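# Reading the structure
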Amino acid sequence: MDQLSYSDSKTIKQHIMLPQLPPKPETLSPLPAEKQGISADHCEIITNIPPDLPFPTLHPEYATDFFKNKYGGALPSVPMPDYIEWLPNPKIKEFLNNQRLLDGYIREIYRPEFQEIEEHINQIGVQQKEAAAKILEKYIEPETGILAVLRENESKICEYHDKLKEFDQAQIEMYESLQELSKSGILEIYQKRIHDNERECQNILKKIDKDEKLTDSQLQELLSEYGHIREKWHLNNLYVSSIRSGKIKGL
């Protein structure tokens, strides 16, 4: 059986169909050989398990490393049948350019190797399914599962939001209460009192002016009330003046 030339061999290698594998994790550690059911040497080059995952994975160079390890550190040249030398160059080029035919030929030549690769990939798939089942069981466990913990945390978060709303409302009420103790709030209170004093005094004067049947004692009582209210009016004005002038400290 003849060997292909270097250029033809390189072309065939480029057409070898390798399994589509996931991206290689940055940090990988070898999985124990006994968990893989293969030799320790093969395990070191083709199978890894990230420390944070409960199942093994395959790195992207798995198939290439497998062939290199099996054939002394280099990819093998693809042997060609004896009758290839009787084929015209156009037929050879047609063969090399036919992806489906070339893949089928290479798979047939290296059938044992591809079967071993496929078996190992299937074995990894089984282990991943078993790990996924355990993860799901742990997730849905009624009392201590992740789902139960999430629901409990969700309940606590809702309770926290309710407490937060109550706190916000209490803050608003506290602000409104403290607002009355501010300088502007106190001024507003005393100004309202002054306004009320003036209104009460005006009402007394109107009553005296309109009621001609007032007795001396009634008139004396109204005048006394007027003087009392007027005294409050002066005191309230004094407070307002003192607050505005800064005589009252702390405001």
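Residues numbered from 1 in each chain as written. Predicted model: local features only at pLDDT ≥ 70, side-chain atom pairs only at ≥ 80, totals over all residues. Heavy atoms only, no water.

## Details of the overall build of the protein
On a plain count of helices and strands, the protein comes out with 10 helices and three strands. Looking at the protein as a whole, 25% of its 251 residues qualify as buried. Sequence-distant contacts, at least 24 apart, represent 63% of the contacts inside the protein between residues at least 6 apart. In the form shown here, the protein has an accessible surface area of approximately 18400 Å², with 54% of it arising from carbon and sulfur atoms. (Helix = DSSP H or I, 4+ residues; strand = E, 2+ residues; numbered from the N terminus. Buried < 20%, exposed > 50% of the residue type's maximum accessible area, 1.4 Å probe, protein only. Contact = heavy atoms within 4.5 Å. Areas by Shrake-Rupley, 256 points an atom, 1.4 Å probe, with all protein chains shown as cover.)

## Some words on helix α7 (residues 111-140)
Under the 1.5 Å per step criterion, the end-to-end length of α7 is 43 Å for 30 residues, consistent within 8% with the ideal 44 Å. Those residues of α7 not exposed but buried are Glu113, Phe114, Ile117, His120, Ile124, Gln127 and Ala131. (Expected span 1.5 Å × (residues − 1).)

## Details of the packing of helix α6 (residues 99-109) against α7
Two numbers describe how α6 lies on α7: the axes approach to 5 Å, and their chain directions differ by 90°. Overall, the two elements α6 and α7 adopt an arrangement that is roughly perpendicular. Counting all contacts with α6, which are made through Ile106, Arg107, Glu108 and Ile109, the residues of α7 involved are Arg111, Pro112 and Phe114. A breakdown of the residues in the contact of α6 with α7 according to their chemical character gives four nonpolar, no polar and three charged. (Axes fitted to C-alpha atoms, helices over the stretch in contact; angles between N-to-C directions. Parallel < 35°, antiparallel > 145°, perpendicular 65-115°, else oblique. Nonpolar A, V, L, I, M, F, W, Y, C, P; charged D, E, K, R; others polar.)

## With respect to the confidence of the model for the protein
For the protein, per-residue confidence averages 76 on the pLDDT scale, and residues scoring 70 or more make up 76% of the total. Confidence, read as mean pLDDT per element, is least for strand β1 (residues 29-30) in the protein (40) and greatest for helix α10 (residues 216-245) (89). For the stretch residues 1-47, pLDDT sits under 50, and the model shows 103 contacts to residues farther than four places along the chain or on other chains. (pLDDT = per-residue confidence, 0-100.)

## Side note on the pattern of salt bridges
Applying the stated rule across the entire model yields five salt bridges. Salt-bridge contacts for Lys192 lead to Asp196; the nearest nitrogen and oxygen are separated by 3.3 Å. One end of the pair is Lys192 and the other is Asp196, both in helix α9 (residues 183-210) and four residues apart, which spans about a single turn. Residue classification places Lys192 among the exposed residues on the basis of a relative accessible area of 53%. Close ionic contact of Asp196 with Arg199 constitutes a salt bridge, the shortest N to O distance being 3.4 Å. Taken as a pair, Asp196 and Arg199 lie in helix α9 at a separation of three residues, close to a single helical turn. Overall, the relative accessible area of 19% leaves Asp196 in the buried class. The class for Arg199 is partly exposed, based on a relative accessible area of 42%. One continuous salt-bridge network, built from bridges that share partners, spans Lys192, Asp196 and Arg199. (Salt bridge = Lys/Arg side-chain N within 4 Å of Asp/Glu carboxyl O.)

## A few points about the nonpolar core
Formed by 18 residues in total, the largest nonpolar core has its most connected members in Phe67, Phe95, Tyr110 and Ile117. Contributions of two or more residues to this core are made by α4 (62-70), α5 (89-97), α6 and α7. Among the elements that make up this core, the one with the highest residue count is α4 (four residues). Contact partners of Phe67, with chain neighbours within four places excluded, come to Ala74, Leu75, Pro76, Tyr110, Glu113, Phe114 and Ile117. Grouped together as the second largest cluster of nonpolar side chains are seven residues, Leu187, Tyr190, Ile194 and Trp233 included. (Core = buried A, V, L, I, M, F, W, Y, C linked by side-chain atoms within 4.5 Å.)

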